[in-house]
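What follows is each chain in one-letter form.
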Amino acid sequence: MNLANAGQRQSISLGHHKALEWIKSGPKRLLIDGKWVNSQSGKTFTTYNPATEEALTTVSEADAPDVDAAVAAARRAFLAPSWAAMTPDQRTVALLKIAEAIEENGEELAALETLDNGMPLWYSTNTVKKCAEVVRYYAGWPTKILGTTNPSDPSSFIYMVREPVGVCGLINAWNTPLMMACMKVANALACGNTAVVKPAELTPLSTLRFAELVLETGLPPGVVNVLPGPGAAAGAALAAHPDVDKVAFTGSTAVGKQILAASTGNLKKITLELGGKSPSIIFQDADLDNAVAAAVRSFCGNSGQICSAATRLFVHESIHDEVARRISDLASTYKVGSPFAADTKLGPLISREQLNRVMSYVDAGTTEGAELLLGGSRVGDIGHFIQPTVFASVANSMKIAQEEIFGPVLSIIPFNDDQDAVTKANDTPYGLAAAVWTRDLTRAHAVSRAVKAGRVWVNTYGEAHPVMASGGYKQSGLGREFGAESLEAYTQTKAVLVRL
Ligand code: NAD
């Protein structure tokens, strides 16, 4: 397959055109206190299109002094009446305006995400729609963050209120950058906080454009600040900052542990959304058509760069060979190529480093004796493309079954009974998500209960809704995003006793 100029050959949609125009409009800067500014050091970095390996634009690189300035701006905004005295229904209106702005500029945002991240355009288009839904979901909350009154003796009155935590540092990964920015910012603002967002250095563009749109809605300066820059400098400074009250982090488990350690200086509230190695268990009584289609969609979605991807597929030994064959047949029809082509199922991986990492796992699978049924090779020599890759007859102890690969690599692992399936599914340090495929209701509930995972799907995979809490068991995270629990993570309880 010739992938030269991948991402550029198709006729360009209006959204794609607007995204390119925005990129060309000049170097991107930091957003601090409602103003676009250069980093204090003057340093910049380049962001690349992973499909073409061409530079897209340069971006100001935030460092510790910029973090100080952004946190100070967020603190001033948190205390200023223009934000602090806003009523809950005014916050609802503010968030609804943001959701509208996302929708109105949806095609441009989707194209921008595809240019910077490499995800297929149909995928980014769906994601942008979900971003608007998520912001609307949080727009419904400000008027419903309720306190309680508590029983007391007649001479006192005791009540609890939920108050914002303050300045929130929001540190994001590169795999779905706009969704992470939207969900965290909307969650923080719904609860009355202010935000300093640190997008991943590989994919800063959609967050910067989103911030422009947020500013245009008329939000007071300093409520949302954005600091692109490297994790070790901007991220670490934000995570350790003494005037940041909360950090919400999405990324690897290794960095999540560093964020937790950095929080101890001022005992920040922390939520961590980390890595996964999620099991999907197919029993012999499952609807195999649906199970096979969902398995392929899951491990190939966003080229496998999804934290909750079902990358360990446990299949009953009586149907292992059939399921493995059907999965390989279907995955072999998934087109790898330009993320702007309508029939592309897999765009590029994010970077050369990620491609090398994924290829090293393919080598490890082959070396350890797993059966390579499909793929395993790079596609083309420009862009970080890789074939969907399927290993069968994998042992749960193998490296490809234990470690997060973050590429389109599936490990199919046989099991012999329900207990064996659950034991193997739980034999991992991760616990982000899981699925059970069966027509037996009792088995579905029993296995859902037994697997250690933050989200479990029965006869489907990966469907998400903002009402569904999302987070990890074990080393997949701390706390929850989405759902009512996410409001608790961005608020704190004050108990008041009034002596009457
Ligand atoms: P990463 O941990 O390398 O980086 C995540 C973010 O943290 C980036 O913005 C980075 O700049 C920053 N960072 C790096 N070092 C830092 C430090 N010392 N202090 C503060 N910030 C620092 O992760 P990644 O490679 O960008 O993303 C892939 C990982 O994210 C995978 O493990 C994936 O499973 C996980 N992820 C989890 C979820 C979830 O909801 N659980 C969602 C998406 C991605």
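Please read these numbers as outputs of a predicted model, since none were measured by experiment. (Residues numbered from 1 in each chain as written. Predicted model: local features only at pLDDT ≥ 70, side-chain atom pairs only at ≥ 80, totals over all residues. Heavy atoms only, no water.)

Student: Account for the overall build of the protein chain, naming residues and giving values.
Tutor: The secondary structure content of the protein chain amounts to 17 helices and 24 strands. Taken over the C-alpha trace, the protein chain has a radius of gyration of 23 Å; the compact-globule value for 500 residues is 23 Å, and the two agree within 12%. Over its C-alpha atoms, taken along the principal directions, the protein chain stretches across nearly 70 × 60 × 40 Å. Counting the 500 residues in the protein chain, one finds 57% classified as buried. If you take every contact in the protein chain between residues at least 6 apart in sequence, the share linking residues at least 24 apart comes to 74%. As presented, the protein chain carries roughly 19400 Å² of accessible surface, and 54% of it is formed by carbon and sulfur atoms. Side chains of the protein chain carry 44 positive and 49 negative charges; the gap between the two charge centres is 4 Å. (Helix = DSSP H or I, 4+ residues; strand = E, 2+ residues; numbered from the N terminus. Rg over C-alpha atoms; globule rule 2.2 N^0.38 Å. Buried < 20%, exposed > 50% of the residue type's maximum accessible area, 1.4 Å probe, protein only. Contact = heavy atoms within 4.5 Å. Areas by Shrake-Rupley, 256 points an atom, 1.4 Å probe, with all protein chains shown as cover. Lys, Arg positive; Asp, Glu negative; His and termini not counted. Charge placed at Lys NZ, Arg CZ, Asp CG, Glu CD.)

Student: So what about the UniProt feature "domain: Aldehyde dehydrogenase" (unreviewed entry) in the protein chain? Which residues, and what values?
Tutor: In the numbering used here, UniProt assigns the "domain: Aldehyde dehydrogenase" (unreviewed entry) feature to residues 36–496. As annotated, residues 36–496 comprises 40% helix and 22% strand, and the C-alpha atoms at either end are separated by 41 Å. (UniProt positions renumbered as here; feature names shortened; annotations may be inferred.)

Student: Residues and numbers for the site of the ligand, please.
Tutor: Around the ligand lies a shell of 27 residues, among which N172, K198, E201, S252 and E404 are the nearest. Here an oxygen atom of the ligand and a backbone polar atom of N172 are 2.6 Å apart. The contact in question runs from a nitrogen atom of the ligand to an N or O atom on the backbone of L274, over 2.7 Å. Relative to its unbound accessible surface of 840 Å², the ligand loses 86% to contact with the protein. Broken down by secondary-structure element, the contributors of at least two residues to the shell around the ligand are α9 (231–240), β10 (246–250) and α10 (253–262). Here the shell around the ligand spans two domains, since at least three of its residues come from each of domain 1 (9–274 + 478–495) and domain 2 (279–466). (Near = heavy atom within 4 Å. Polar contact = N/O pair within 3.5 Å; in protein donor to acceptor, adjacent residues only side chain to side chain. Domains from an automatic or database assignment.)

Student: If you had to explain the sheet that holds strand β24 (residues 491–499) to someone new, which residues and values would you point to?
Tutor: Here we have three strands laid out as an open sheet, ordered β5-β6-β24, and antiparallel in their pairing. Strand pairing shows two members of the sheet lacking a second neighbour, β5 (148–150) and β24, which therefore form its edges. Across the sheet, the mean angle from the axis of one strand to that of its neighbour is 25°, orientation sign disregarded. Alignment of strand β6 (residues 156–164) against β24, held across nine bridges, turns out to be antiparallel. Of the residues in β24, the one forming a bridge with R162 is T493. (Pairing = 2+ DSSP bridges. Axes fitted to C-alpha atoms, helices over the stretch in contact; angles between N-to-C directions.)

Student: Please set out unusual backbone geometry residue by residue, giving values where relevant.
Tutor: The residue L267 is not glycine, and still its phi comes out positive at about 50°. Structurally, L267 is set in the loop between α10 and β11 (269–273). Although it is not a glycine, S303 sits at a positive phi angle of roughly 55°.

Student: Any chance you could break down the pattern of salt bridges for me, citing the residues and the numbers?
Tutor: Between side chains of opposite charge, a pair can form when the charged atoms approach closely. The tally for this structure, following the rule as stated, stands at 22 salt bridges. Of the charged contacts in the structure, one is a salt bridge between R209 and E108, with a shortest N-O distance of 2.7 Å. Here the residue R209 occupies a position in helix α8 (residues 205–216), and E108 occupies one in helix α5 (residues 106–117), the gap between them amounting to 101 residues. Accessibility classification places R209 together with E108 in one group, the buried group. What emerges from the salt-bridge pattern is a single network uniting K43, E61 and D63. (Salt bridge = Lys/Arg side-chain N within 4 Å of Asp/Glu carboxyl O.)

Student: Describe the environment of I350, with residues and values.
Tutor: Take I350: it is sitting in the loop between β15 (344–346) and α13 (352–367). A sequence separation of 173 residues divides I350 from P177, and the C-alpha atoms of the two residues are 12 Å apart. With residues up to four places along the chain from it excluded, the contact list for I350 reads P50, D116, N117, W174, L202, T203, Q305 and H384.

Student: Lay out the UniProt feature "active site" (unreviewed entry) in the protein chain in plain terms, naming residues and giving numbers.
Tutor: Under the feature "active site" (unreviewed entry), the UniProt entry names E273. Relative to the helices and strands, E273 resides in strand β11. Residue E273 is classed as buried on the basis of its relative accessible area, which comes to 8%. Beyond its immediate stretch of four places on either side in the chain, E273 contacts F249, T250, G251, S470, G471, S476, G479, R480 and E481.

Student: Go over the pairing of strand β4 (residues 55–60) with me, naming the residues and quoting the values.
Tutor: Pairing between strand β3 (residues 44–48) and β4: five bridges, direction antiparallel. Within the sheet, the bridge partner assigned to F45 lies in β4 and is V59. Here β3 hands over to β4 after six residues, with E53 in that stretch at a positive phi of 65°.

Student: Kindly report on the nonpolar core, identifying the contributing residues and their values.
Tutor: Judged by nonpolar contacts, the single largest core of 63 residues is most densely connected at I98, I102, Y138, L189, F210, L219 and V224. When residues in this core are grouped by element, the largest group, ten residues, is from helix α7 (residues 177–190). Not counting residues within four places of it along the chain, the set of residues in contact with F210 comprises I98, I102, L109, L178, A181, C182 and V185. By size, the runner-up hydrophobic cluster in this structure holds 34 residues, among which are I282, V379, W437 and W457. (Core = buried A, V, L, I, M, F, W, Y, C linked by side-chain atoms within 4.5 Å.)

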